[in-house]
Amino acid sequence: MGQIKNHEVEELVQNGIVVTSVEKVLNWGRGNSLWPVLFGLACCAIEMMAAGGSRFDLARFGYEIFRPSPRQADLLIVSGTVTDKMAPLVKRIYEQMPEPKYVIAMGSCAISGGPFVDSYNVVPGVDTIIPVDVYVPGCPPRPEALIDGMLQLKKKINNPNVARLMENV
Amino acid sequence: MSNDKLKDMLVADLGGKGEITEFLSEVVVTITSKELLDLANKLKSDKYDFDFLVNLTAVDFEENFTVVYNFRSLSNKTKLVLRVVISKEEPSLPSVIGIWKTADWQEREVFDLLGIIFTGHPELHRILLADDFEGYPLRKDYKFDSRR
Amino acid sequence: MCKDMTTKEHTLKTQEFTLNIGPQHPSTHGVFRLVLTLDGETITKAESVVGYLHRGIEKLAEARTYTQVITYTDRMDYLSAMLTNLGYVQTVEKLIEIKVPERAEYIRIIMAELQRMASHMVAIGSYVQDVGITGTSIFMYNLIDREKILDLFEMVSGSRLTYSYMRIGGVADDLPLEFIPALEKFLDEVPASIEQYWALSSKNEIFQSRLRGVGVISAEDAINYGFSGPNLRGSGVDYDLRKAEPYGIYDRFDFNVPVLENGDSLDRFLCRGAELEQSIKIIRQAIKDLPEGEVIAKMPKVIKPPKGEVYHQIESSRGILGYYIVSDGSSKPYRMHVRRPSFINLIPMDEMLVGLKLADAITVLGSIDIVLGEVDG
């Protein structure tokens, strides 16, 4: 067995054989079936529900299985304001999820505290507690914006090197 | 029941204590915490029949704390505003939970955010803030750093 | 033949068990915690813990102008934002004592009743999903109808959920030309649609037996606890603020208030469904009588109400929503307190749950119809 040369790849594809790496296949699988945790905090959760409804339809991307238990999910969509009383619980749910896991911060309250940032009880952005992959701005963001955010996440999963480069830019 | 009749009955029951006025066509009674339980029991009785306590809240004025009660009578179709003035050094007054059970969580909220103590309430502890929160946020002298 | 295990020699040792229905749970409609003490499957003690979404809106309102506070009221009861806006602006207008133009009053009625329909649709759909009967299908149908209402709202205010459409003295903008035809088309289509999923849920035998007799509260207890809205009318008390203390121009409209007798979860649910029909009736009358004119009164650029305290309440989709505002003559409120129906409707729940089974806890919680943004404020 030797290395497969580039011109041989085309011949294989014509015969129905695709050659790729294990990492690419795993990323493709993970990106195309993200299972979110049912975790709605405030108003943005209603737009998340509407995104799961039949008009905007998350199901056509493979994302509609919302799991009630964090141990069976791989995506945490923080939708709504995180208060001081709720912050340790958000962290605990994040820690209960198995690797690999991703976080989307949806809405301006989750990104930076939103209109309530001057309050005595509000955490200024969920990225002070857990690492965030994608930020979806809006108050609340439209369901189409949330779907766009999830597709950006899929792009990020499929190209981990590009994502690492962009982080340091 | 008309406002004038209500005012006359209240004047008779309070016996000269407190202050009774009218603002934006609602009768407003201002008393201190000593007259509260007595008047509250009379208001619940069939004479006035104020069976619905719609709102219980408190305000931090410069000179005092004022606890405000809003009543409705479903049978007589009347409204009443009761204001109880208490001092800032000793902010406490009797609880009306034995008369209107809706005062349960509303008094806890006032205690939680303003630090006013309702004597006789069976479970007066914090309800909206975490148990280890220090201070009473809605007081005007509560200082905190902005996290912007 | 089984041996009877509870004879003197074979007694079963039992122990009470504490179950935490935590802040993250699919059926609690948000971040709400319920701690139950169970003896087998029967609840012996229930304690609700709230405050996981307390954002301090009352303190924030003291640092904003009167018009800026309107955007905070949207985010409190986010499923009936038009109604929370309406309550706030009417309270300030009561203090300033100005008259709102006629066209604005009619537009407000149309928006308020459409919002009531949208809120009840979500309540019905998510409740049926919680109880478990035909799961998500009915919720999907409800969401389709709700999307049509949200399209209408987007036409006037530009937003789907947090509109901030009401202003002190009127409404923000006039109706665009295509609004009334679209609204009439919606009103013609929606009764058939409601009939379709209403029959699936309320006439379902299993659904009825799951809800009948569960979570009963008597009329006297309901008033004493401060219950309001469809919850109060499900216990036989005919008290709807649109008829008892009419605000705006509700006294010009002809509609009924559905009242049911038994005080259990099924009656509360049926009340909400019946109110959908009455809202359609009110909107049709409002479209017929809609006059021309201004949509906002002449207001100064900076609103400074006179010194004083005022309390005003409206009938929101969840109950009696009241605002208490203290003004010191400046451009910012000195104190604003909101009488939140979801917060007060939760008070009797701890007692209603004692003696029921574990699955009934979710039934009762869903029938009270809470929104956590309003519970915590």
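Below, the structure is looked at part by part. (Residues numbered from 1 in each chain as written. Chains lettered and ligands numbered in written order. Predicted model: local features only at pLDDT ≥ 70, side-chain atom pairs only at ≥ 80, totals over all residues. Heavy atoms only, no water.)

A few words now on the overall build of chain C. Secondary structure summary: chain C contains 15 helices and eight strands in total. Structurally, chain C occupies a C-alpha span of about 85 × 50 × 35 Å along its principal axes. For chain C, the proportion of its 377 residues judged to be buried stands at 65%. Of the roughly 13,700 Å² of accessible surface on chain C, 52% is carried by carbon and sulfur atoms. (Helix = DSSP H or I, 4+ residues; strand = E, 2+ residues; numbered from the N terminus. Buried < 20%, exposed > 50% of the residue type's maximum accessible area, 1.4 Å probe, protein only. Areas by Shrake-Rupley, 256 points an atom, 1.4 Å probe, with all protein chains shown as cover.)

Enumeration according to the criterion identifies 24 aromatic pairs over all chains in this entry. Centroid distance Phe52(B) to Tyr239(C): 5.9 Å. Interplanar angle 55°. Geometry classified as tilted. Of the two residues, Phe52(B) is situated in strand β3 (residues 52–60) and Tyr239(C) in the loop between α9 (230–233) and α10 (241–244); the pairing between them involves two chains. Exposure class is identical for Phe52(B) and Tyr239(C). Each is buried. Chaining the aromatic ring pairs together yields one cluster made of Tyr48(B), Phe50(B), Tyr69(B), Phe71(B) and Trp100(B). The side chain of Lys85(A) reaches across the aromatic face of Tyr52(C), ending 5.2 Å from its centre. Lying across the ring of Phe343(C), Arg340(C) places its NZ or CZ 4.7 Å from the centre. (Phe/Tyr/Trp six-rings, centres within 6.5 Å; stacked < 30°, edge-to-face > 60°. Lys NZ or Arg CZ within 6 Å of the ring centre and 35° of its normal.)

To continue, consider the side chain of Ser193(C). All names here are of chain C. Looking at the secondary structure, you find Ser193 in helix α6 (residues 179–202). By relative accessible area, Ser193 is classed as buried at 16%. Polar contacts involving the side chain of Ser193 include one to the side chain of Asp145, which spans 2.7 Å. (Polar contact = N/O pair within 3.5 Å; in protein donor to acceptor, adjacent residues only side chain to side chain.)

Before going further, it helps to examine the nonpolar core. Residues Leu76(A), Tyr69(B), Ile116(B), Tyr88(C), Met111(C) and Leu353(C) are the most contacted members of the largest nonpolar core, which totals 202 residues. In terms of residue count, the dominant contributor to this core is helix α4 (residues 102–131) of chain C (15 residues). What Leu76(A) contacts, discounting residues up to four positions off in sequence, is Val37(A), Phe39(A), Ile93(A), Tyr94(A), Met97(A), Tyr102(A), Val103(A), Ile104(A) and Ile130(A). Grouped together as the second largest cluster of nonpolar side chains are 20 residues, Met48(A), Leu58(A), Ile104(A) and Ile157(A) included. (Core = buried A, V, L, I, M, F, W, Y, C linked by side-chain atoms within 4.5 Å. Contact = heavy atoms within 4.5 Å.)

With that settled, consider the layout of surface pockets. In this model, the largest pocket occupies a volume close to 980 Å³. What lines the largest pocket is a set of 43 residues, and nearest its centre among them are Leu38(A), Met49(A), Pro26(C), Gln129(C) and Phe139(C). Broken down by secondary-structure element, the contributors of at least two residues to the lining of the largest pocket are α3 (43–52) of chain A together with α4 and α5 (135–157) of chain C. When residues of the lining of the largest pocket are assigned to their parent elements, the largest contribution, six residues, is made by α4(C). Residue composition of the lining of the largest pocket, by class: 24 nonpolar, 14 polar and five charged. Approximately 700 Å³ is the volume attributed to the second largest pocket. What lines the second largest pocket is a set of 29 residues, among which Arg108(B), Glu123(B), His125(B), Glu47(C) and Ser48(C) lie closest to the centre. Broken down by secondary-structure element, the contributors of at least two residues to the lining of the second largest pocket are α4 (87–96) of chain A, α3 (103–114) of chain B together with β3 (42–49) and α13 (349–352) of chain C. Ranked by the residues each element gives to the lining of the second largest pocket, the list is headed by β3(C), at five residues. Tallied by class, the residues present in the lining of the second largest pocket amount to 15 nonpolar, two polar and 12 charged. (1 Å grid on protein atoms, 1.4 Å probe; cavity = no way out; pocket = protein on both sides within 12 Å on 5 of 7 lines; lining within 4 Å. Points joined across faces, edges and corners; volume = space filled by probe spheres on them. Nonpolar A, V, L, I, M, F, W, Y, C, P; charged D, E, K, R; others polar.)

Our next topic: the sheet that holds strand β8 (residues 335–339) of chain C. All names here are of chain C. Spatial strand order, β6-β7-β8: three strands in an open sheet with antiparallel pairing. Of all the strands in the sheet, just β6 (308–316) and β8 have a single pairing partner and so form its edges. Here the strands of the sheet are splayed against their neighbours by 15° on average, with no regard to which way each runs. In the sheet, β6 pairs with strand β7 (residues 319–327) via nine bridges, with the strands oriented antiparallel. Bridge pairing in β7 links Glu309 to Val326. (Pairing = 2+ DSSP bridges. Axes fitted to C-alpha atoms, helices over the stretch in contact; angles between N-to-C directions.)

A word on the sheet that holds β3(C). Residues and elements named next belong to chain C. Pairing is antiparallel across the open sheet formed by three strands, whose spatial order is β1-β2-β3. Of all the strands in the sheet, the pair left with one neighbour each is β1 (17–21) and β3. Going from strand to strand, the sheet's axes swing by 20° on average, the running direction of each strand aside. Here strand β2 (residues 33–39) pairs with β3 via seven bridges, running antiparallel. Each bridged residue has a counterpart across the sheet, and for Leu38 the counterpart in β3 is Ile43. Packing of helix α14 (residues 358–368) onto the sheet brings it into contact with β1, β2 and β3, and relative to β2 it is tilted by some 150°.

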